[in-house]
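# Geometric and topological summary
Take a look at the letters that make up each chain.
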Amino acid sequence: MTNVALKNNNNTRRIHPQVFALWMGFLSIIMMFIALTSAYIVKQAAGNWLEFVIPNSFYVSTAVILISSLTLHLSYSSFKKGKEFLYKSMLVVTLILACVFIIMQYKGWFTLFEGGVDMKGNPSGSFFYLITGLHAAHILGGIAALVVALLHAFTLPFKPTEKRRVRFSLVLQYWHFVDILWIYLFTFLLFI
Amino acid sequence: MAELEKVHEEDILIEKLGYDDHFHDHHHGDKYQSNFINHYIFSMDHKIIARQFLITGIIWAFIGAAMSIIFRLQLGFPEADFQWLKPLLGKWIVVENGIGSLAPEFYYALVTMHGTILVFFVLTAGLSGTFSNLLIPLQLGARDMASPFLNMLSYWFFFTAGIVMFYSLFISTGPFSGGWTAYPPLSALPQASTGSGTGMTLWVVSLVLFVVSVLLGGINYVTTVLNLRTKGMTLWRMPLTIWAFFVTAILGILSFPVLASGFFMLTMDRAMGTSFFLSEIFIQGQALDRIGGSPVLYQHLFWFLGHPEVYIIILPAMGLVSEVLSVHARKPIFGYKAMVLSILAIGFLSFIVWAHHMFMSGVNPFISNFFVVFTLIIAVPSAVKVFNWITTIYGGNLRLNTPMLFAIGFVSMFISGGLTGIFLGNSAIDIQLHDTYFVVAHFHIVMGVAAFFGMFAGIYHWYPRMFGRFMSETMGKIHFWGTMIGAYAIFWPMHYIGMAGVPRRYYRFDGFDAFKHFTELNQFITIAAIITFGVQVLFMVNFFYSIWKGKKQTKRNPWGATTLEWSSPIEGVHGNWEGKIPTVHRWAYDYNKDEREFVPQYIPMEEGEEHGEDMH
Ligand code: HEM
Ligand SMILES: [Cu+2]
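About the thresholds
- Residues numbered from 1 in each chain as written.
- Chains lettered and ligands numbered in written order.
- Predicted model: local features only at pLDDT ≥ 70, side-chain atom pairs only at ≥ 80, totals over all residues.
- Heavy atoms only, no water.
- Helix = DSSP H or I, 4+ residues; strand = E, 2+ residues; numbered from the N terminus.
- Contact = heavy atoms within 4.5 Å.
- Areas by Shrake-Rupley, 256 points an atom, 1.4 Å probe, with all protein chains shown as cover.
- Lys, Arg positive; Asp, Glu negative; His and termini not counted.
- Charge placed at Lys NZ, Arg CZ, Asp CG, Glu CD.
- Buried < 20%, exposed > 50% of the residue type's maximum accessible area, 1.4 Å probe, protein only.
- Donors = N, O, S within 2.8 Å, 3.2 Å for Na, K, Ca; no water.
- Salt bridge = Lys/Arg side-chain N within 4 Å of Asp/Glu carboxyl O.
- Buried area = accessible area lost by both parts, 1.4 Å probe.
- Polar contact = N/O pair within 3.5 Å; in protein donor to acceptor, adjacent residues only side chain to side chain.
- Expected span 1.5 Å × (residues − 1).
- Bend = angle between axes of the 7 residues up to and from the residue.
- 1 Å grid on protein atoms, 1.4 Å probe; cavity = no way out; pocket = protein on both sides within 12 Å on 5 of 7 lines; lining within 4 Å.
- Points joined across faces, edges and corners; volume = space filled by probe spheres on them.
- Domains from an automatic or database assignment.
- Phe/Tyr/Trp six-rings, centres within 6.5 Å; stacked < 30°, edge-to-face > 60°.
- Lys NZ or Arg CZ within 6 Å of the ring centre and 35° of its normal.
- Near = heavy atom within 4 Å.
- Nonpolar A, V, L, I, M, F, W, Y, C, P; charged D, E, K, R; others polar.
- Axes fitted to C-alpha atoms, helices over the stretch in contact; angles between N-to-C directions.
- Parallel < 35°, antiparallel > 145°, perpendicular 65-115°, else oblique.
- Left-handed = near helix turned anticlockwise from the far one by under 90°.

### Concerning the overall build of chain A
- Of regular secondary structure, chain A possesses six helices and zero strands.
- Written out in order from the N terminus, the α and β elements of chain A read α-α-α-α-α-α.
- Dimensions of chain A, computed from the C-alpha atoms along their principal axes, are close to 55 × 35 × 20 Å.
- Look at the contacts in chain A between residues 6 or more apart in sequence, and 82% of them connect residues 24 or more apart.
- Of the accessible surface of chain A, which amounts to about 9000 Å², a share of 71% is contributed by carbon and sulfur atoms.
- The average position of the 15 basic charges and that of the 6 acidic charges among the side chains of chain A differ by 18 Å.

Here's what the structure looks like:
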């Protein structure tokens, strides 16, 4: 879609413009969560803050998303090495893990709610739902990207061209990003 | 003969000196230009998208300005009968004892919409959207933006945001009416005022769409600047316009997401019963069970965007003005490096001054001190820029045409409005001045009028680049003088009213003994506003008339400018240059150098020639 502009790549640069654009996108997502976590700290310092235990399914989901990053990476390197089967199968596994992550988050919210931590109640609960929910929205975006990658994998003939590698690496980097973002948010919610 | 005329000197030079990136304009089956819809509506060409932003911005400017005329009428003539506005405003004109006046709810709604529209739709999208799109690829020697597709999406998100906001003007409870800053609780409780219900819901939906548009645009601009410059275009050879758009885009990428977070929290307060921003509220004598939140938290989130936002508005104007002043003074810009560094300094400082909008919101006075200091420090890079602009035109052989007049007018406005900022930046003086007409005067002059002047300078200057024709100079000059005098006539008196303590956003003042004597002054302001509005209508006539009937551009480089956009074909071809693209050998400000009136950036250095300033 961008071939017109990108032909003009006479600057010796190491990084592909689309990858760079994606990084700028990360920057804005990071700012969004920095805003929320700083608001969290400020609010907590103001008192009237309910402490609660984070349900176990969030630990499970953390493990799941970490593994999914590994499987997607495996898929990517298999793609580059031309190992078609591993590439496709690991992509499928990643998609399944991604869905498991969402389900575990949902279970976690449910447990919290059952345990009396209501969105409407204390701000600590409201923040928890907001931050994890907004993160889940970004995971859904990632799932959409994975589905597209999957369609490419299963409908196009297997040919590891440069263009397809760049596209796949965009998906990969986004997925790593939302993974690391979750690790940050989870440790934040756990310890602060 | 006809064939000969078509050969442009620029083409020959670029063919000789340029760089071959193997670009061929695939005319057959070109998916970009295959039909009207792709070409003019869902276009991915940055030059078309620029015009889309500009024209949409102009339409919004008209709507927003017309609103201000309506509320100024009510303010200036509180006793008058406005039943003649009924065909336009319908039930928002309330008739009592045979006198029709503007419904107070709708007065607030108009003030709110005026602010929102002008700040976001006109001075953000209409200004930076237009000129970043037009100039970033052209001045850098790029074929287009890094991602033409995202660029197109950016415009259509903006367009959709506009549609949602426009729709909110017509709902029965009226648009949002709690001020452009949308402070809670008015914005957080649907039952708080008439505009707080559906009106506010639409407002927040519209602005979230708008944030998406800004982010898509900004990501693209930054990526293009860093990755798609032509050969030889080092960062230190970029025109100041590009520096300004670049820093503007970074500010947007860093600050708009924070606003989005604030909006998400606000939406949860509205729809899901949370209390992020609400605490101990009574409505109609009833205590709500929403406790534990803090409205000041919202203010922090809002102004963390809000202050960088004012620089998102003014920096592109500064960039355009720097360029226009240098071209029409036929002199290199004075202190190019200092200009770049002050853009960067302003960009950085703009993130650590936001609480100067909250001195009176109950923030800790010790924290206020921190913000006072950094606020006052911003005056330093601002003053550096002003000094350099003045020095640039000093002793120059000025062409006083319309773009130049507006550029000089910009400097005047920026000085006047910047000075009042220094007063407001002192938290002690702000106790008296906060939320008065002094603030209104300050930001209208420094942001509203100055940014408009920068935009006008840009429009008149780059009009041929956009439409291949010129706007009328006569109408342009009337437009300039009318606006210059009119704007001072409107906003200068507001400083006095503000110092006397008249609060902003009130529906009428004649009931207060302390403010009664301002009635005539208020009328004067209203009349000045109406006249100035008329002058803007003249501008619109000139703008649209000239698209079809303006004087035709014959030379590619009518102003004798050095930057690359003037070397590409007048018609504006897909990919910007046919054949090769120009390469760059010098900075953008070689005017009156070694007996040469100007030397375009794509001309190689001569044997023994020195670079301008200390660019190497
Ligand atoms: C030397 C530079 C400046 C200083 C020290 C300064 C200082 C201030 C302060 C302290 C306020 C808050 C006043 C109050 O609400 O009580 C203020 C308001 C404002 N300033 Fe400035 N300012 C400066 C330049 C600018 C520029 C360049 C712009 C825009 C391009 C701008 C736009 C605004 C706006 C929009 C508001 C009011 C927002 C609102 O409450 O609705 N200022 N300024
Ligand atoms: Cu400010």
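### Some points on the side chain of His135 of chain A
All names here are of chain A.
- In this structure, His135 sits in helix α5 (residues 123–155).
- Residue His135 is classed as buried on the basis of its relative accessible area of 0%.
- Beyond its immediate stretch of four places on either side in the chain, His135 contacts Phe33, Phe101, Val178, Leu181, Trp182 and Leu185.

### Comments concerning the coordination of the copper ion (ligand 2)
All names here are of chain B.
- The protein atoms that coordinate the copper ion (ligand 2) are His307 (ND1), His356 (NE2) and His357 (NE2), at distances spanning 1.9 to 2.1 Å.
- Expressed as a motif, the donor residue spacing for the copper ion (ligand 2) is H-x48-H-H.
- The distance between the copper ion (ligand 2) and the iron atom of ligand 1 comes to 4.5 Å. Separated by 50 residues along the polypeptide, His307 in helix α10 (residues 295–329) and His357 in the loop between α11 (336–349) and α12 (365–393) bring together distant segments of the chain.
- Classification of His307 by relative accessible area gives buried; the value is 6%.
- By relative accessible area, His357 is classed as partly exposed at 22%.

### Quick notes on the side chain of Glu10 of chain B
Residue and element names in this part refer to chain B.
- Note on placement: Glu10 falls in helix α2 (residues 9–17).
- In this structure, Glu10 is buried with no salt-bridge partner, the nearest side chain bearing the opposite charge being Arg556 at 4.5 Å.
- Ignoring any residue separated from it by four or fewer positions in sequence, one finds Glu10 in contact with Arg556, Asn557, Trp566, Ser567 and Tyr602.

### Describing the interface of chain B and chain A
- Between chain B and chain A, the residue contacts involve 46 residues of the former and 33 residues of the latter.
- Surface buried jointly by chain B and chain A totals about 3500 Å² across both partners, of which 70% is contributed by carbon and sulfur atoms.
- The interface formed by chain B and chain A holds zero salt bridges in total.
- Run the count over chain B and chain A and you get two residue pairs in polar contact (both at pLDDT 80 or more).
- When residues of the side of chain B that touches chain A are traced back to their parent elements, those giving at least two are α7 (148–168), α8 (198–227), α9 (240–271) and α10 of chain B.

### So, the coordination of the iron atom of ligand 1
- In this structure, the iron atom of ligand 1 receives exactly one donor atom from the protein: His442 of chain B (NE2), at 2.1 Å.
- Relative to the helices and strands, His442 of chain B is located in helix α15 (residues 437–467).

### Looking at unusual backbone geometry
- Residue Pro185 of chain B is reached from Pro184 of chain B by a cis peptide bond, and omega for that bond is 5°.
- One non-glycine residue, Asn48 of chain A, lies in the positive phi region at around 55°.
- With phi around 55°, Arg330 of chain B is a residue other than glycine that occupies positive phi space.
- Turning to its location among the elements, Arg330 of chain B is positioned in the loop between α10 and α11.
- The class of Arg330 of chain B is buried, set by a relative accessible area of 4%.

### Thoughts on helix α6 (residues 104–140) of chain B
Residues and elements named next belong to chain B.
- Compared with the 54 Å implied by 1.5 Å per residue over 37 residues, the 51 Å span of α6 between its first and last C-alpha is a close match.
- Where α6 bends most, at Leu118, the angle is about 35°.
- Most of α6 is tucked away, with 34 of its 37 residues classed as buried.
- In the segment just after α6, Gly141 is the residue with positive phi, at about 75°.

### A look at empty space enclosed by the protein
Residue and element names in this part refer to chain B.
- Inspection of every chain in the model, using the stated rule, returns four cavities of 30 Å³ or more.
- In this structure, the largest cavity encloses a volume near 170 Å³.
- Lining the largest cavity are 18 residues, with Thr124, Ser128, Gly129, Val214 and Tyr221 sitting closest to its centre.
- A per-element tally of the lining of the largest cavity places α8 first, with six residues.

### With respect to the environment of Ile48 of chain B
All names here are of chain B.
- Its place among the elements puts Ile48 in helix α4 (residues 46–76).
- Taking the relative accessible area as the measure of exposure, Ile48 reaches 7% and is therefore buried.
- Between the C-alpha atoms of Ile48 and Phe544, which are 496 residues apart in sequence, the distance is 16 Å.
- Excluding residues within four positions of it along the chain, Ile48 makes contact with His39, Tyr40 and Ser43.

### Here's the deal with the domain arrangement of chain B
All names here are of chain B.
- Once the domains are mapped, chain B shows domain 1 (37–275) and domain 2 (313–550).
- With 56 residues of domain 1 in contact, the opposing surface of domain 2 contributes 54 residues.
- Around 4700 Å² of area is buried between domain 1 and domain 2 when both sides are counted, 78% of it from carbon and sulfur atoms.
- Contact with domain 2 buries area across many residues of domain 1, yet Arg72, Trp236 and Leu240 alone supply 15% of it, more than any other trio.
- On inspection of domain 1 and its partner domain 2, the count reaches one salt bridge.

### Describing the packing of aromatic side chains
Residues and elements named next belong to chain B.
- Counted by the stated rule, this structure contains 90 aromatic pairs over all chains.
- When the centroid spacing of 4.7 Å and the interplanar angle of 40° are considered together, the rings of Tyr463 and Phe467 count as tilted. Of this pair, Tyr463 and Phe467 both sit in helix α15, separated by four residues, roughly a single helical turn.
- With a relative accessible area of 17%, Phe467 lands in the buried category.
- Positioned above the aromatic ring of Phe467 is the side chain of Arg51, whose terminal nitrogen or guanidinium carbon lies 5.8 Å from the ring centre.
- Looking at Lys91, its charged tip hangs above the ring of Trp92, at a distance of 4.7 Å from the centre.

### Notes on the site of ligand 1
All names here are of chain B.
- Taken together, 22 residues form the shell around ligand 1, and within it Trp180, Asp430, His434, His442 and Arg504 come nearest.
- In this structure, a nitrogen atom belonging to ligand 1 sits 2.9 Å away from a side-chain N or O atom of His442.
- Within the side chain of Arg504, a nitrogen or oxygen atom sits 2.8 Å from an oxygen atom of ligand 1.
- Only α10, α13 (402–424) and α15 provide two or more residues apiece to the shell around ligand 1.
- Taken together, the residues that form the shell around ligand 1 break down as twelve nonpolar, eight polar and two charged.

### Regarding the packing of helix α2 (residues 17–45) of chain A against α8 of chain B
- At a closest axis distance of 9 Å, the pairing of α2 of chain A and α8 of chain B adopts a crossing angle of 135°. Accordingly, the angle class assigned to the pair α2 of chain A and α8 of chain B is oblique. The hand of the α2 of chain A/α8 of chain B crossing is right-handed. Between α2 of chain A and α8 of chain B, the residues in contact are Pro17, Phe20, Ala21, Met24, Gly25 and Ser28 of chain A and Leu215, Ile219, Val222, Thr223, Leu226 and Asn227 of chain B, respectively.

### A short note on the environment of Pro365 of chain B
All names here are of chain B.
- For Pro365, the position within the fold is in helix α12.
- Assessed through its relative accessible area of 58%, Pro365 is described here as exposed.
- Sequence-wise, Pro365 and Arg237 are 128 residues apart; in three dimensions their C-alpha atoms are separated by 44 Å.

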